Amino acid sequence: MNILFATAEAVPFCKTGGLGDVCGSLPRELAKLGHQPTVILPAFRHVFDSGAEIEPTGVTFQIPIGQKMVQGQFLRSQLPGSDVPVYFVEQPEYFDRPELYGEEGEEYRDNCERFTFFSRAVLEAVVSLDLGTDILHCHDWCAGLIPAYLKTLYRDRAPFDQIASLYTIHNLAYQGNFWHWDMVLTGIDWKHFNWRQMEFYGNLSFMKSGIAFADAVSTVSPTYAREIMRPPLSCGLEGALQHRREELFGILNGADYGDWNPATDSFLGENTYDVETFEIGKPACKAALQAEMGLPVNADIPLLAAVGRLADQKGFDLIARVMQQWAKQSDAQWVILGTGDPKYHQVFGQMAEEFPQKIAVRLEFSNELAHRIEAGADMFLMPSQYEPCGLNQLYSLKYGTVPVVRSTGGLADTVVDATPQSIAEGTATGFTFGEYTSLAFSDAISRACGLYASKPAWLQLIKTGMQQDWSWRRSAQEYAELYQRTCAHARQEVLS
Ligand code: ADP
């Protein structure tokens, strides 16, 4: 099957979060299953800074944006370690900017125009690059208009009348909602600006358009697929989602074990390890991490870590509160790596100054350090308010770093709480808690630290976690089945 991934992020070209990981990994895995994936993304400045080899295709095009025609051209590269072609939509005025979506907490004001252009350029690519697409797999709000175009402006035109669409929601909270007059930029008839299709509380919504028009909708875990049907996680879109409930699927993301494997991780130097050797390798990684972070090197003190966007969604307010309490009364060490909301930069920066022997903070984006933290920490903290899938808990399991997570979305689907029963059965892989309170989170950490002190049970927990298979192979198989099903349904719809 020939699948075109339309996305704003794909590793190694550009990434702000899990979306980039998914769109860099899933196509490669689909290719291994015998499919023909292609990826297309905007030629952001990050893409050129990524060091990837990028060449022109010589294909230029023009897109109507409102009253004007805007020119662009397609560039080409490949996903590393594969034959998967990657195309870039080059339009420097829109995409040659320091960031992908906005700067200093402000979205770029012309985001509607930028991603309208991108969406139509994707459809242009299908024809002018002769991609032979069977299904367009559109990701998140940036590509939400594409299913709408397929069902409106491009509906009766070959080859678009034969192309199905799957719309994947990676995070429903980022919706791409714009001033209603921006409808004019899209060229789509105003009749579609209605509450069932593109209109959302008086605005034009890219997310809602994707949900309404795609042949099928998916999200990145079965639990999140259920959670977004109801407030508060529906973010106002419960009606639109319930309307599509028969075509709404939850497929868990995978971890890219090519990048995230403690046995082959080049960022760990000599200290690589696997499920047989972790009792030697992991303490070495822990000592190295403690030294790197300026913490006392001590094998017996539990080391708890968090890596991620410093956003409310990720539960950093709970981490801050619990860390503050614990730092006053226990030896535990804490490592935080992240960038994001300035208020968290301030809070964590202050705490690191107050407790230099216990708390180490790096307010930056560092892939290398993220790897060394996954390897060196004893526990990994993810007290998220919501978590569509989450990747770090999957990496943590693989690295034998016990996840302590709030039971929501993909976290609920991938971490088995250590209860007396699950410990006895050998199925426990981490610690979960339900209520979003610092008390519940702190209790889960206490349970984790309790088990940490009883070594055989702790080692078993690590081992069970490391033996889990959260690879992309499993997810890719599920996506392949969903593509088949979606194309078959779309064809039936055309016939009926
Ligand atoms: P989200 O997409 O919501 O940000 P995910 O857990 O799905 O969360 O994916 C986050 C990815 O980004 C992980 O690969 C994580 O390691 C990485 N990441 C986030 N912040 C940082 C950072 N400051 N430094 C290095 N990697 C980071």
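Here the structure is a predicted model, which is why all the values come from computation and not from measurement.

The environment of the ligand is formed by 20 residues, the closest being Gly18, Arg309, Lys314, Glu364 and Ser366. Within the contact set of the ligand, an oxygen atom lies 2.4 Å away from a backbone nitrogen or oxygen of glycine 18. Glutamate 364 is positioned such that a nitrogen or oxygen atom in its backbone is 2.8 Å from a nitrogen atom of the ligand. A total of 560 Å² of accessible area belongs to the ligand in isolation, and the protein chains cover 93% of it. Those elements that provide at least two residues to the shell around the ligand are helix H1 (18-32), strand E15 (303-310), strand E16 (333-340), helix H13 (367-376) and helix H14 (392-398). A per-class count over the shell around the ligand returns six nonpolar, nine polar and five charged.

What follows is about the sheet that holds strand E12 (residues 203-205). Taken together, the three strands give an open sheet; going across it, the order is E10-E12-E11, and neighbouring strands pair in antiparallel fashion. Of all strands in the sheet, those with a lone pairing partner are strand E10 (177-178) and strand E11 (199-200), marking the two edges. In this sheet, E12 lies alongside E11 in antiparallel orientation, the contact comprising two bridges. Bridge pairing in E12 links phenylalanine 200 to asparagine 203. Those strands touched by helix H7 (residues 206-213) are E10, E11 and E12, and its axis lies near 55 degrees from that of E12.

One pass over the full model with this rule turns up 16 salt bridges. The shortest N-O distance in the salt bridge between arginine 45 and aspartate 96 comes to 2.7 Å. Of the two residues, arginine 45 is situated in helix H2 (residues 45-49) and aspartate 96 in the loop between helix H3 (92-95) and strand E6 (102-103); the sequence distance between them amounts to 51 residues. A relative accessible area of 32% places arginine 45 in the partly exposed class. By relative accessible area, which is 39% here, aspartate 96 ends up partly exposed. In this structure, lysine 343 engages aspartate 312 in a salt bridge whose closest nitrogen and oxygen atoms are separated by 3.0 Å. Of the two residues, lysine 343 sits in helix H12 (residues 342-354) while aspartate 312 sits in the loop between E15 and helix H11 (316-329), which places them 31 residues apart along the sequence. With relative accessibility at 32%, the residue aspartate 312 sits in the partly exposed group. One continuous salt-bridge network, built from bridges that share partners, spans Glu292, Glu368 and Arg372.

For the bond running from valine 11 to proline 12, omega is 10 degrees, close enough to zero to count as cis. Note on placement: proline 12 falls in the loop between strand E1 (2-6) and H1. Each neighbour pair has its own omega, and for proline 231 with proline 232 the value is 5 degrees, a cis peptide bond. If you trace the backbone, proline 232 turns up in the loop between helix H8 (222-227) and helix H9 (238-243). A positive phi is found at aspartate 130, a non-glycine position, where the angle reads about 55 degrees. For aspartate 130, a relative accessible area of 67% gives the class exposed. With phi around 50 degrees, cysteine 235 is a residue other than glycine that occupies positive phi space. On the secondary structure map, cysteine 235 appears in the loop between H8 and H9.

Assignment of secondary structure puts glycine 349 in helix H12. The exposure class assigned to glycine 349 is partly exposed, which follows from its relative accessible area of 22%. Sequence separation between glycine 349 and leucine 363 is 14 residues; the distance between their C-alpha atoms is 8.0 Å.

On to helix H10 (residues 278-292), then. Under the 1.5 Å per step criterion, the end-to-end length of H10 is 20 Å for 15 residues, consistent within 8% with the ideal 21 Å. Looking at the buried residues of H10, the elements they touch are E15, E16, H13, helix H17 (438-452) and helix H18 (455-467).

With that settled, the discussion passes to the domain arrangement of the protein chain. Taken domain by domain, the protein chain holds domain 1 (2-254 + 473-495) and domain 2 (266-470). For domain 1 versus domain 2, the separation of C-alpha centres amounts to 33 Å. Opposite the 20 residues of domain 1 that make contact, domain 2 presents 17 residues. Between domain 1 and domain 2, a total of about 1400 Å² is buried, with carbon and sulfur atoms accounting for 57% of that surface. Our count for the domain 1 to domain 2 interface comes out at zero salt bridges. Between the two partners, domain 1 and domain 2, sit eight residue pairs in polar contact (both at pLDDT 80 or more). When contributions to the side of domain 1 that touches domain 2 are tallied by element, the ones reaching two or more residues are H1, H8 and helix H19 (472-495). Of the residues forming the side of domain 1 that touches domain 2, the biggest block, four residues, is contributed by H8. Residues of the side of domain 1 that touches domain 2, tallied by class, amount to seven nonpolar, eight polar and five charged.

A word on H11. Since the α-helix turns once every 3.6 residues, residues separated by three or four places project in the same direction. A rise of 1.5 Å per residue sets the reference length of H11, with its 14 residues, at 20 Å; its end C-alpha atoms lie 20 Å apart and thus fit the reference within 8%. Within H11, burial applies to Phe316, Leu318, Ile319, Ala320, Val322, Met323, Trp326 and Ala327.

Interaxial distance between H11 and H12 falls to 11 Å at its minimum, and their mutual angle equals 20 degrees. The angle between H11 and H12 falls in the class roughly parallel. At the point where H11 passes H12, the crossing takes the left-handed sense. Here Phe316, Asp317, Ile319, Ala320, Met323 and Gln324 of H11 lie close against H12, whose contacting residues are Tyr344, Val347, Phe348, Met351 and Glu354. The class makeup of the residues in the contact of H11 with H12 is eight nonpolar, one polar and two charged.

Here threonine 133 shows up in the loop between helix H4 (111-128) and strand E8 (135-139). Judged by its relative accessible area of 8%, threonine 133 falls in the buried class. Apart from residues lying up to four places away in sequence, threonine 133 is in contact with Asn2, Leu4, Val126 and Ile163.

Parameters at a glance
Residues numbered from 1 in each chain as written. Predicted model: local features only at pLDDT ≥ 70, side-chain atom pairs only at ≥ 80, totals over all residues. Heavy atoms only, no water. Near = heavy atom within 4 Å. Polar contact = N/O pair within 3.5 Å; in protein donor to acceptor, adjacent residues only side chain to side chain. Areas by Shrake-Rupley, 256 points an atom, 1.4 Å probe, with all protein chains shown as cover. Helix = DSSP H or I, 4+ residues; strand = E, 2+ residues; numbered from the N terminus. Nonpolar A, V, L, I, M, F, W, Y, C, P; charged D, E, K, R; others polar. Pairing = 2+ DSSP bridges. Contact = heavy atoms within 4.5 Å. Axes fitted to C-alpha atoms, helices over the stretch in contact; angles between N-to-C directions. Salt bridge = Lys/Arg side-chain N within 4 Å of Asp/Glu carboxyl O. Buried < 20%, exposed > 50% of the residue type's maximum accessible area, 1.4 Å probe, protein only. Expected span 1.5 Å × (residues − 1). Domains from an automatic or database assignment. Buried area = accessible area lost by both parts, 1.4 Å probe. Parallel < 35°, antiparallel > 145°, perpendicular 65-115°, else oblique. Left-handed = near helix turned anticlockwise from the far one by under 90°.

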